[in-house]
Amino acid sequence: MIGAGVVGCAIAFELAAAGRSVRVLDGRASGGGASQASAGVLAPYVEGHDSRPLRALGQRSLDGYEAFVARIVATSGANVAFRRAGTMEVATGPDDVARLARSRATADAEGVAAEWLDISSAREHEPALGAHVVGALRIPMHGAVDVPALTSAAAAAAAQALGATFVKAQVLGLSADGDGVAVSTAEGVERAAQVVLAAGAWSAGLVPPGAEPAPVRPVRGQLLHLGTAPGTLRHIVWAPDVYLVPWADGTVLVGATSEEVGFDERTTASGVAGLLARAIALVPALGGASFLEARHGLRPASPDDLPLVGRSATLPGLIYACGHYRNGALLAPLTAWLIAGLVAGDRSDPALDLLAPARAGRL
Ligand code: GLY
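Calculation notes
- Residues numbered from 1 in each chain as written.
- Predicted model: local features only at pLDDT ≥ 70, side-chain atom pairs only at ≥ 80, totals over all residues.
- Heavy atoms only, no water.
- Near = heavy atom within 4 Å.
- Polar contact = N/O pair within 3.5 Å; in protein donor to acceptor, adjacent residues only side chain to side chain.
- Areas by Shrake-Rupley, 256 points an atom, 1.4 Å probe, with all protein chains shown as cover.
- Helix = DSSP H or I, 4+ residues; strand = E, 2+ residues; numbered from the N terminus.
- Expected span 1.5 Å × (residues − 1).
- Buried < 20%, exposed > 50% of the residue type's maximum accessible area, 1.4 Å probe, protein only.
- Arc of directions from axis to C-beta.
- Contact = heavy atoms within 4.5 Å.
- Axes fitted to C-alpha atoms, helices over the stretch in contact; angles between N-to-C directions.
- Parallel < 35°, antiparallel > 145°, perpendicular 65-115°, else oblique.
- Left-handed = near helix turned anticlockwise from the far one by under 90°.
- Nonpolar A, V, L, I, M, F, W, Y, C, P; charged D, E, K, R; others polar.

Give a description of the site of the ligand that names residues and reports values.
Around the ligand lies a shell formed by Glu47, Tyr243, Ala256, Arg299 and Arg326. Within the contact set of the ligand, an oxygen atom lies 2.5 Å away from a side-chain nitrogen or oxygen of Tyr243. At 2.7 Å, a backbone N or O of Arg326 approaches a nitrogen atom of the ligand. For the ligand, the protein covers 86% of the area, taking 200 Å² as the surface of the free molecule.

Structure, rendered in structure tokens:
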């Protein structure tokens, strides 16, 4: 395994649970890349609006999320906050109202409960909403997970209970080793019959012989962590320019910028200022919140926003699991199930056709 983010650790957990010998290489501690800045929103009917395949994959992963988290919690003994608080996607003008009416129709057609709330109903559900909100689409089955906690619990479950090894080593290159793969690191060369590349935005830098680089590019997200009175918000509140994820302890995550700035891993003054201004406009009570932290992460974006999951055409021992863009937390369980199948030689899952790396070039 290359990569110990939420996707890599989910895969390591499933492979180790299936009895595989697993070794995970990453130059950072687990969850030290994009995962540390994920707000953990699990909302295929918000973030997959325009893509039927993305909604279907997200729904499938979400359907198995409770059981997946429960297995990790039972194996690791760690706590992982996860709840289906529901989303309220707010409208602030007629264009939003029309767009959310289309989203509701899509959800209805696909069997997902979605409720349009006029402003007085919206305020019954979320009294703290700002004056410019005119209505909201509520989707109760959506949820959120504490991604840093899930990532470290999956790593602990894989390592402490199931025998996986986590090695702090920066991976420098990939080459063939018979039918397997040689992985060069700053500390030496590691060899394995099968290697899973789950290095997020850094996957493009690890190019197998004869292949093109994986078309995965970094898109920076900045995220704020605020402290406020428990109960200020009940739902995940999503607006066109900001979203808010409340937790039981009263803290609220405020996401997120979306910036094409290469591998620039920083929080910036304008990023933080913009998020604060939009969050306070959406929920004025947040003006009195404590400022706890600002985080940053590089989302791994693919050309069609769907992950690349499948075997390399040039290095058959290599399996790609990268390019999850805005949905790494949501799609981590499904990715882990697909990779566990592939490692066992099972290519029958139709999702593998959709996610085949070959759609994006000679990979
Ligand atoms: N999934 C939320 C984000 O990427 O900002």
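Now that the structure is up, let's keep going.
Which residues make up helix α5 (residues 94–109), and what values do they have?
Three or four residues apart is the spacing at which side chains of an α-helix point the same way, because the helix has 3.6 residues per turn. Look at α5: 23 Å from first C-alpha to last across 16 residues, which is about the 22 Å you get at 1.5 Å a residue. Of the positions making up α5, those classed as buried are Asp96, Leu100, Ser103 and Ala107. Projected onto a plane normal to the axis of α5, the buried residues spread over an arc of 55° and lie on a single side. Away from its buried face, by an angle of more than 90 degrees, α5 presents the exposed residues Pro94, Asp95, Arg102 and Ala109. Taken together, the buried residues of α5 touch α2 (44–47), β4 (87–91), β5 (115–118) and β6 (135–139). Where α5 ends, the next residue or the one after it, Gly111, has phi of about 80°, a positive value.

Quick rundown of the packing of helix α4 (residues 65–76) against helix α7 (residues 147–161)? Include the residues and the values.
Two elements in contact, α4 and α7, have axes whose closest approach is 8 Å; the angle formed by their N-to-C orientations is 50°. Here α4 lies oblique to α7, going by the angle between them. When the axes of α4 and α7 are compared, the crossing they make is left-handed. Side by side, α4 and α7 meet where Tyr65, Val69, Ile72, Thr75 and Ser76 of the first sit next to Leu150, Ala153, Ala154, Ala156, Ala157 and Ala161 of the second. Partitioned by chemical class, the residues of the contact of α4 with α7 number nine nonpolar, two polar and no charged.

These results come straight from atomic positions and should not be treated as a statement about function.
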